[in-house]
Amino acid sequence: AQTVTQSQPEMSVQEAETVTLSCTYDTSESDYYLFWYKQPPSRQMILVIRQEAYKQQNATENRFSVNFQKAAKSFSLKISDSQLGDAAMYFCAYRSAGGNNAGNMLTFGGGTRLMVKP
Amino acid sequence: GAGVSQTPSNKVTEKGKYVELRCDPISGHTALYWYRQSLGQGPEFLIYFQGTGAADDSGLPNDRFFAVRPEGSVSTLKIQRTERGDSAVYLCASSLGPDRVHEQFFGPGTRLTVL
């Protein structure tokens, strides 16, 4: 079974600064997807960024980028030019890329609460 | 609708009661997922539907939990003889199809409190 670990329960960043959230995972599979989701107080999970394991290039979405280290099974999220609206819970998630219907779900880490100071 | 909707938003019940939680997926999405998020934790998978059938129910914690999706659209999660440990936010997600490249879109969840 796959596991996802987020070792930082809370992080704080000054507005306009850069912050990096850590995520490690454990899997025996070679092909999979990794995600970062944002969950504001409204509870609705919002996809921030996605990475396919077979792609060596790190994904980037505007101010959000990842550092994907497949051999180390590490998948960190960097938020540049942090804004007050970035304050939320952030969850790292894993999804198997192949196989039958079983394993189609997302496996989440425990989350990191990001606070943004004005 | 524009997104995944879930009703009710909040549900308070007493230990031992039966509850139903409803999920309306995005129109045209054939895949539907239920997750449970306990306080301070990440969501945990419960069950996955492809169309009307439960393709994977390996996450259901015990036989008090049951889910249906009779017409391949709306889904209902049913919990019998609720226990205080069932208190959590229940999240529903839908995606266009079973292909794992398809993004899962989440609803706002139902917060269940068992007194």
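Residues numbered from 1 in each chain as written. Chains lettered and ligands numbered in written order. Predicted model: local features only at pLDDT ≥ 70, side-chain atom pairs only at ≥ 80, totals over all residues. Heavy atoms only, no water.

Caption draft 1: Region of the structure containing the overall build of chain B. From N to C terminus, chain B includes zero helices and eleven strands. Put simply, chain B runs from its N terminus to its C terminus through helices and strands in the order β-β-β-β-β-β-β-β-β-β-β. In terms of overall size, chain B behaves like a compact globule, its C-alpha atoms giving a radius of gyration of 13 Å where 115 residues would be expected to give roughly 13 Å. Considered along the principal axes of its C-alpha atoms, chain B spans approximately 40 × 25 × 25 Å. Buried residues in chain B amount to 46% of all 115 residues. (Helix = DSSP H or I, 4+ residues; strand = E, 2+ residues; numbered from the N terminus. Rg over C-alpha atoms; globule rule 2.2 N^0.38 Å. Buried < 20%, exposed > 50% of the residue type's maximum accessible area, 1.4 Å probe, protein only.)

Caption draft 2: Expanded view of the layout of surface pockets. Of the pockets and cavities examined, the largest pocket occupies roughly 500 Å³. Considering the residues around the largest pocket, the lining is formed by 24 residues, among which Gln 39, Met 89 and Arg 113 of chain A together with Leu 39 and Gly 40 of chain B are closest to the centre. Looking at the lining of the largest pocket residue by residue, the classes come out as 13 nonpolar, eight polar and three charged. Computed from the structure, the second largest pocket encloses a volume of approximately 270 Å³. Forming the walls of the second largest pocket are 16 residues, and the residues nearest its centre are Gln 2, Leu 106, Thr 107 and Phe 108 of chain A together with Phe 45 of chain B. (1 Å grid on protein atoms, 1.4 Å probe; cavity = no way out; pocket = protein on both sides within 12 Å on 5 of 7 lines; lining within 4 Å. Points joined across faces, edges and corners; volume = space filled by probe spheres on them. Nonpolar A, V, L, I, M, F, W, Y, C, P; charged D, E, K, R; others polar.)

Caption draft 3: Inspection of the packing of aromatic side chains at higher detail. The final tally for this structure, using the stated rule, is 16 aromatic pairs over all chains. Between Phe 35 of chain A and Tyr 37 of chain A the ring centres are 6.0 Å apart and the planes differ by 35 degrees, which places this aromatic pair in the tilted class. Here the aromatic residues Tyr 33, Phe 35, Tyr 37, Phe 91 and Phe 108 of chain A together with Tyr 33, Tyr 35, Phe 45, Tyr 48 and Phe 106 of chain B are joined through ring pairs into a cluster of three or more. (Phe/Tyr/Trp six-rings, centres within 6.5 Å; stacked < 30°, edge-to-face > 60°.)

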